[in-house]
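# Coordinates in review
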Amino acid sequence: MTTKISFRDVVKTYPMREGTFTALDHVSLDIADQEFVTVVGPSGCGKSTLMSMAAGLVEPSSGEVLVDGDPVSGPGPDRGVIFQQYALFPWLSVRKNVEFGLKLADIPGAERRRRAERAIELVGLSDFADALPKTLSGGMKQRCAIARAYAVNPKVLLMDEPFGALDALTRVQLQDQLLHTWSQEQRTVMFITHDVDEAVYLARRVIVMAARPGRVQQIIDVDLPYPRTEEIRLSPEFGRIRNEVWHSVYHQAPAA
Amino acid sequence: MTAISAPQRKAAGRAEGRRPRRSIALNLVAVVIGLAVWTLLASVGVQGMPGPAEVAARAGELIADGTLALDALASLRRVLLGFLLGTLLAVPVGFLMGWYATARGLLEPYVQFFRTIPPLAIIPLAIVLMGIGEVPKVFVIFLASFLSSVVATFQGVVDVDKTLINAARVLGASDRTIFLKVVVPASTPFILVGMRVGLGSAWGTLVAAELIAAQEGLGFRMQQAQLYYDLSTIFVGLIAIGVLGLLMDRLLLLAERRLTDWQERR
C-alpha cells in the first residue's frame, strides 16, 4: 500500500509568556492510501493540531507534512475537512452548501447539480435538499457537511471530532453511515475523536496520543473485518481491543 | 433522527411569525389608557395643555392646508439623504476596517473619537463651514448615521465565525471569494442592525438640525409653534415624527427579517 499522508518529525510550539508550549513533539506518522485511521487521546495532546496541519490550516514549526509525497502548503480541495461545529453556511440551503465547493472548482451547472444531488443522496438528505441549516438537527447538519466534503471528490477526508457534539444514539447511526459511505467511495480518512469506542469501531488503526508534550503514545491495529456491524461492536474481540485502547489512553505514564 | 416533518415545521413557523392576540390586545389597552390620562391631564388644566381632540383638530387643519405633508416631506428628504449617504459610506469603510488590520489601525482612532462627540455638537461648526442651506443639516444627519453603521459593520466583519472562513478555505476559496461569499453574507445581520440604529440617530438628529435656519420641516414647524405658544402644533409635530420614525424602523425590520431569515434565533 502506498503512503497517502506522511507526518515527518513534526513539531509545533506556541510562544508563551515564559518560554514555549510544545503542542506536538517530533511526531512521525504514515497513513496509507484508502486507510481509515482514528486518532484518540486526552485533550491537549495535539490531535486536532496534527489534523489541521494535514488540512493546511496550521503550519508546523519544524518537520513536514506530505500528502502524496508533496509538502502541504495551505488548504486545498484535494483534502476535505469536516469540523465539529458543522461549519455550514447558514444562509445557504443544503443543496447550495454542497454546491459551494463545486462552484469554486468551476464545475458547470448541470454537472454541478448532478454531483451535489448524488452527494446529498449518499448521506440520505434528499428530502431536505432545499432546507436551510437552521431547520436541521445536529446529526443532519453534520451529514450535510459530510456531503459537502464528499461532493468535491477529495482524496483525503480529515474529520475533527465530527460527532463530538451529538447524542450517543445519533452518533452510532452516523458512524455506521460514515462507514457505509466510505465503503462505497473509499478515501483516506483521518478521524479525530476522544471517544474510545468510536475510535475502535471505525478504524483499521487507532493512533493513541499523549499530552504534554503532544506525541504518539501507541499505535493499535484493529484486526476486525469491514463492514463493521453491531455484531462486531458487541464481540469479545472488539471488547479486547477497546480495553487495550482504553488502557493506552487513560493510563499514560507521564512524559520522562 | 429528530427531524420534524415539513408541514409541522411550516405550522410552527407561522405561529412564531404572528404575535399572540393577547399581546396585541394589551397594546391597544395601553394606548386607550394613555389617551385617557392625556385627556384627564388636559381637562384638570395643566397650563395650556391641549387634549387629544384639540390636537386631532389641529392635525386636520395642518393636513388640509398641506403644511404637514410639506413639512414631513422636507424632513424625510433630509433624513433619507443623510442616512443613505451615511450608510453607503459606512458599509465599505466598516468592511475595510474589519478585513484589513492596516485600515483598522488608520481609521479606528477617528471613528472612536467622533463617536464620543454627539452629532448635534457639530452643528455650530457645520454652520460656520457650510452656511445655512441644506448642506449642514444633511451633513449632521449623515454623520450620525455613518458613525452608528460603521461600528456595527466593522464589528460584524470581525465577529464572522472563523470556522466558516476555514470551511471555505478548505474547499478551495480564494481571499476574494471568502470575502464576497462568506464575510459579506455573514455580517449582513450586523449591518442591518447598524442601519436601524443609524436611522434612529438620523431621525433623532433631525429636529436639532432643522434649528439651522430652516424654512420648512417638522422641526422647523415646532420651533415656530413654540414662538406662538401653539402647543397643539407641537404635539402634531411630535406625533408625526414618532409615527414616521416607527414606520421606517418597521420597514427596516421587515427587510432585516427577509434578508436574514436564515439565522438561528434563540
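Numbers given to residues run from 1 along each chain, matching the order in which its sequence is written. Think of it this way: whatever chain is written first is A, whatever ligand is written first is 1, and the rest follow in order. Only residues with pLDDT of at least 70 are given local features in this predicted model, and only at 80 or more are side-chain atom pairs given and counted; all residues enter the totals for whole chains, interfaces and linings.

Attention now moves to the interface of chain B and chain A. Counting from both sides, the interface comprises 19 residues of chain B and, opposite them, 24 residues of chain A. When contributions to the side of chain B that touches chain A are tallied by element, the ones reaching two or more residues are helix 8 (162-170) and helix 9 (175-209) of chain B. A total of six residues in the side of chain B that touches chain A trace back to one element, the largest contributor, which is helix 8 of chain B. Two residues qualify as a contact pair if the distance between their C-beta atoms, derived from the backbone, is within 7 Å. A run of DSSP states H or I qualifies as a helix once it reaches four residues; a run of E qualifies as a strand once it reaches two. Both are numbered from the N-terminal end.

A few words on the sheet that holds strand 1 (residues 3-15) of chain A. Residues and elements named next belong to chain A. Any two strands between which DSSP finds at least two bridges are classified as paired. Read across the sheet, four strands follow the order 2-1-4-5 without closing on themselves; strand pairing throughout is antiparallel. At either margin of the open sheet sits one strand with a lone partner, and together these are strand 2 (20-32) and strand 5 (70-71). Where strand 1 and strand 4 (residues 62-67) come together, five bridges link them in antiparallel fashion. If you follow Val-11 over to strand 4, its bridge partner there is Ser-62.

Let us look at unusual backbone geometry. Residues and elements named next belong to chain A. With an omega dihedral of -5 degrees, the bond running from Arg-212 to Pro-213 counts as a cis peptide bond. Secondary-structure assignment places Pro-213 in the loop between strand 9 (205-210) and strand 10 (215-221). The omega angle of the peptide bond from Tyr-226 to Pro-227 is -5 degrees, so this bond is cis rather than trans. With respect to the helices and strands, the residue Pro-227 is situated in the loop between strand 10 and helix 7 (230-233). The backbone of His-26 sits at a positive phi, close to 50 degrees, despite the residue not being glycine. One can find His-26 in strand 2. Any residue surrounded by 20 or more other C-beta atoms within 10 Å of its C-beta is treated as buried, while 12 or fewer makes it exposed and the intermediate range makes it partly exposed; C-beta atoms here are placed from the backbone. Overall, His-26 belongs to the partly exposed group, with 16 C-beta atoms counted inside 10 Å.

This paragraph deals with the nonpolar core. Proteins that are soluble and globular tend to have nonpolar side chains buried together. Structurally, a nonpolar core is described as a collection of buried Ala, Val, Leu, Ile, Met, Phe, Trp, Tyr and Cys residues joined by way of C-beta atoms within 7 Å. If you look at the biggest cluster of nonpolar residues, it comprises 133 residues, and the most contacted ones within it are Ala-54, Ala-147, Met-190, Val-206 and Val-245 of chain A together with Ile-141 of chain B. No other element matches the 14 residues that helix 7 (residues 134-158) of chain B contributes to this core. With residues up to four places along the chain from it excluded, the contact list for Met-190 of chain A reads Ile-5, Ile-31, Val-37, Val-39, Met-51, Ala-54 and Leu-158 of chain A.

Moving on, we come to the confidence of the model for chain B. It should be kept in mind that the predicted coordinates are not to be read in detail where pLDDT is low. All names here are of chain B. pLDDT gives the predictor's per-residue confidence on a scale running from 0 to 100. Chain-level statistics for chain B give a pLDDT mean of 86 and a share of 92% at 70 or above. Within chain B, no element has a lower average pLDDT than helix 1 (residues 6-17), which sits at 44, and none a higher one than helix 8, at 93. With a pTM of 0.80, the predicted complex shows an ipTM of 0.88.

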